[in-house]
Structure formats: structure tokens, C-alpha cells
Amino acid sequence: KSASGGVFSAVATYFLKNEGVVYGAALDFEGGHPIAHLVGIDDASQLWRLQGSKYVQSAVEQTYKQAKQNLDAGKKVLFSGTPCQVAAIKSCTRGRFEDNLFTIDIICHGVPSLKFFNDYLQAEKNKKGIDIKKFIFRDKQYGWGTKGSILGIKDGKMIVEPINSRTSSYYSFFLDGEIYRDCCYQCPFAQEKRVGDLTIG
């Protein structure tokens, strides 16, 4: 279920088995619209939500506050995210929880906005006539490449619609670096010296 950072699952499983809390990006859907956000889990049955690539900006919501509350309660916390998100959690905790906070930063290309991704999905929904329930950016059933899948309901049946990264507008713009947030083009974290305890990609 993982893409580039398969070791994440092993580290996350260790934390969950030892009553820790794991934070990472999830891509949920509500009414056919994507919700990309950072979430915390404390049960291995939810690990799948944090696995796999999400080529879109994830909203922080209350994540940093919740992670700090867990740390204040003495829990061990594994926090994974883009380097800027990892830098933010370290800034919020100010080095107070070095023994209990472990961070993983992903090698980040830059992130498009959720609005851009949602607009793309609504265009796909109209074109293909699918009520979208799930999107997989890199679907392993097609091998180790960048082909994805849309899962949804069409004519009353659940279907899987493959997405070819070579012909998809969103993938093409993303892989060519055309649709990132403005700040991503001058990212201070895109360097060999990493902000996390572990870097995956």
C-alpha cells in the first residue's frame, strides 16, 4: 500500500504496537470531493489511510495541537509529513519532547492546492460519469510506476478507472513542476541537510 516510502509502515507499526500515536497525510472523500489533511491514528487498522503518495497539499487543521497534547500526556508520537510540516511541529514543541517525538520528512516535489486537485476530479467525474469515492495516486496493481486509479460508482456498480500519468493533465502538470504553491519554488527545506529524524522517498 506504500509508494516511495515503504519503510514508513514498519516504523509506524512499531509506534502503534507500543501505544504511540502516528500522524500523517490522509486523503478522504466527502460528497465526491477530496479532503487532504493531516490526521493522527492510534490503531494499526487505520494505517492504510496514511500510506501511499498524495500529490496535493494536506490541511493541518488541529494536528499540531493534538500532537502536543499527546506529548504532554507522555505518549510517543511519530509525525510524518513534508519538510515544512515537520519543521512546524518541531517549532511548536520547541525541543521539549526529544525523547518522545520522532519525525519523518518525505522528499517533496512541491504541492499543488487542494482546489486545483478538486477541480481536476470534478472534470474527471463529469467526463467519466463516476461518483468518486477514492483516488489512488500510485496504484501498485499497475506496477511500480506512476499510474493511478479512481474508485467510484458508475451505473450503480463500484468500478476502478485507471489513470494514465502520461495523459492525465493533473499528473503532467505536477510531474513537470507547473502547479505547486508559489512558496514551493523557493523552499528552504529542499536541501541535503534534512529537518526530520528520518528522510524517506
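> Can you break down the packing of aromatic side chains residue by residue, with the values?
Tallied over the full model, the rule gives 18 aromatic pairs. Arranged with centres 5.9 Å apart and planes meeting at 45 degrees, the rings of F116 and Y170 form a pair that is tilted. With F116 in helix α4 (residues 114–128) and Y170 in helix α5 (residues 169–175), this pair connects stretches of sequence that are 54 residues apart. Ring-pair connections join several aromatic residues into one group, and the members of that group are Y55, F116, F117, Y120, F135, F137, Y170, Y171, F173, F174, Y180 and Y185. The aromatic ring of W144 is capped on one face by K140, whose charged end is 3.9 Å from the ring centroid.

> Can you break down the sheet that holds strand β3 (residues 77–81) residue by residue, with the values?
Strand order in the open sheet made by the five strands is β2-β1-β3-β4-β8, with mixed pairing throughout. Single-partner strands in this sheet number two, and they are β2 (33–41) and β8 (198–200). The sheet shows a mean angle of 30 degrees between the axes of neighbouring strands, taken without regard to direction. Here β3 runs beside strand β4 (residues 101–106); their pairing, made up of five bridges, is parallel. What sits directly across from L78, in β4, is F102. Contacts between helix α3 (residues 83–93) and the sheet are confined to β2, β3 and β4, with β4 contributing the most and set at about 160 degrees to the helix. Sheet contacts for α4: β1 (21–30) and β2; angle to β2, the most-contacted strand, approximately 130 degrees.

> Could you give me a rundown of the nonpolar core, with the residues and numbers involved?
Within the largest apolar cluster, 19 residues are counted, with the highest numbers of intra-cluster contacts made by L27, F117, Y120, L121, F135, F137 and Y170. Contributions of two or more residues to this core are made by β1, α4, β5 (131–136) and α5. Non-local contacts of Y170, meaning those with residues more than four positions away in its chain, are made with Y55, V56, P112, F116, F117, Y120, F137 and I179. If you look at the next biggest cluster of nonpolar residues, it comprises 14 residues, including A12, L16, L50 and I104.

> Explain the pairing of β2 residue by residue, including any values.
Remember that side chains alternate between the two faces of the sheet whenever the strand is regular. Relative to β2, β1 is paired through nine bridges, and the arrangement is antiparallel. Paired with V22 across the two strands is I41, which belongs to β2. Between β1 and β2, which pair antiparallel in sequence order, lie two residues; one of them, G31, sits at a positive phi of approximately 60 degrees.

> Tell me about the sheet that holds β5, and name the residues and values.
Strand order in the open sheet formed by three strands is β5-β6-β7, and the pairing between neighbours is antiparallel. At either end of the open sheet lies a strand with only one pairing partner, and these are β5 and β7 (157–163). The average undirected angle you get between the axes of adjacent strands in this sheet is 25 degrees. One ladder, built from five bridges, connects β5 with strand β6 (residues 148–154); its direction is antiparallel. Bridging across to β6, F135 finds its partner in I150. Most of the contacts of α4 go to β5, to which it runs at about 125 degrees, and overall it touches β5, β6 and β7.

Rules behind the numbers
- Residues numbered from 1 in each chain as written.
- Predicted model: local features only at pLDDT ≥ 70, side-chain atom pairs only at ≥ 80, totals over all residues.
- Heavy atoms only, no water.
- Phe/Tyr/Trp six-rings, centres within 6.5 Å; stacked < 30°, edge-to-face > 60°.
- Helix = DSSP H or I, 4+ residues; strand = E, 2+ residues; numbered from the N terminus.
- Lys NZ or Arg CZ within 6 Å of the ring centre and 35° of its normal.
- Pairing = 2+ DSSP bridges.
- Axes fitted to C-alpha atoms, helices over the stretch in contact; angles between N-to-C directions.
- Contact = heavy atoms within 4.5 Å.
- Core = buried A, V, L, I, M, F, W, Y, C linked by side-chain atoms within 4.5 Å.
- Buried < 20%, exposed > 50% of the residue type's maximum accessible area, 1.4 Å probe, protein only.

Remember, this is a structural readout, not a statement about activity or role.
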